[in-house]
Structure formats: C-alpha cells, structure tokens
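Spelled out from the first residue to the last, the chains are:
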Amino acid sequence: QVQFVESGGGLVQPGGSLRLSCAASGSLFRFYDMGWFRQAPGKQRELVASITRGGITNYADSLQGRFTISRDNAKNTGYLQMNSLNPEDTAVYYCNIFSGVVTVGLWGQGTQVTVSS
C-alpha cells in the first residue's frame, strides 16, 4: 500500500506562500489520481485540490485560485503551491491517492501550516 510523507509546512504571515511536498512510497503513485487535503482544528478533513495521473487539476471553490497542485511522477512526488495565505488556511495538510472517489493510500502524519501574524 502506498504511504506518504508530507513536508514543507510551517508558520507564515498572512499573504505569504508555502510549497508543500508529498513523497510517495513504492512505484504505484504514477498510476493514480492524487489529492491534497486539509484538516483544521475541530473540522472534518476536506479535499482542497486534486490532479489526475495525466495532469488534469481541480480545486475547491473556496481557494479562489490561490493554490496550485502539481506532480512529478518520475519522483513519486506531489506538490501544492499555496499563495496569498490567510488564517483560514491554517490546518494540517495531507496527501493521498484515489481509486475513483475513494482514497486508497495510507494517511501520513501530514504537515502543519499555520498562518498568523
């Protein structure tokens, strides 16, 4: 089963940017669509962006074009570029792969993103 290690989070001021990375184990990553999720304190985990194995992207409407998802199948790695961050983006960010609409990888530890002045 595919496992993930997320990295790149941290503390950033409002308006700042971060680039998250998601390293997948094994060699199956390239055969699946993948997504980035986030979970804020007291809230359910939500999907923020997804990318098909062929590179077609989709984003949550609430992001208003601030985030960009990408992937490098040769490196078994996914990325999430986050710009114009605001405090509402504070959450633990996770990645996973999809089979249809179901996530099929093992959830990693995630990476904490905190947006605060």
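Heads up: the structure comes first, above all this text.
The text that follows walks through the structure, step by step, so that each part is easy to find. (Residues numbered from 1 in each chain as written. Predicted model: local features only at pLDDT ≥ 70, side-chain atom pairs only at ≥ 80, totals over all residues. Heavy atoms only, no water.)

Let's shift gears to the pattern of salt bridges. All chains considered together, the criterion is met by three salt bridges. In this structure, the salt-bridge partner of Asp89 is Arg38, at a minimum N-O distance of 2.9 Å. Of this pair, Asp89 sits in the loop between strand S8 (77-82) and strand S9 (91-99) while Arg38 sits in strand S4 (residues 33-39); the two residues are 51 residues apart in sequence, bridging distant segments of the chain. For Asp89, a relative accessible area of 1% translates into the label buried. For Arg38, a relative accessible area of 9% translates into the label buried. The salt bridge involving Arg66 is made with Asp89; its shortest N-O contact spans 2.7 Å. Remark: Asp89 occurs in the loop between S8 and S9 and Arg66 occurs in the loop between strand S6 (57-59) and strand S7 (67-72); sequence separation between them is 23 residues. (Salt bridge = Lys/Arg side-chain N within 4 Å of Asp/Glu carboxyl O. Helix = DSSP H or I, 4+ residues; strand = E, 2+ residues; numbered from the N terminus. Buried < 20%, exposed > 50% of the residue type's maximum accessible area, 1.4 Å probe, protein only.)

Among the secondary structure elements, Arg71 is positioned in strand S7. Among the polar contacts made by the side chain of Arg71, one reaches the side chain of Asn73 at a distance of 2.8 Å. Leaving out residues up to four positions away in the same chain, Arg71 has contacts with Phe29, Arg30, Tyr32, Asp33, Met34, Ile51, Thr52, Arg53, Thr77, Gly78 and Tyr79. (Polar contact = N/O pair within 3.5 Å; in protein donor to acceptor, adjacent residues only side chain to side chain. Contact = heavy atoms within 4.5 Å.)

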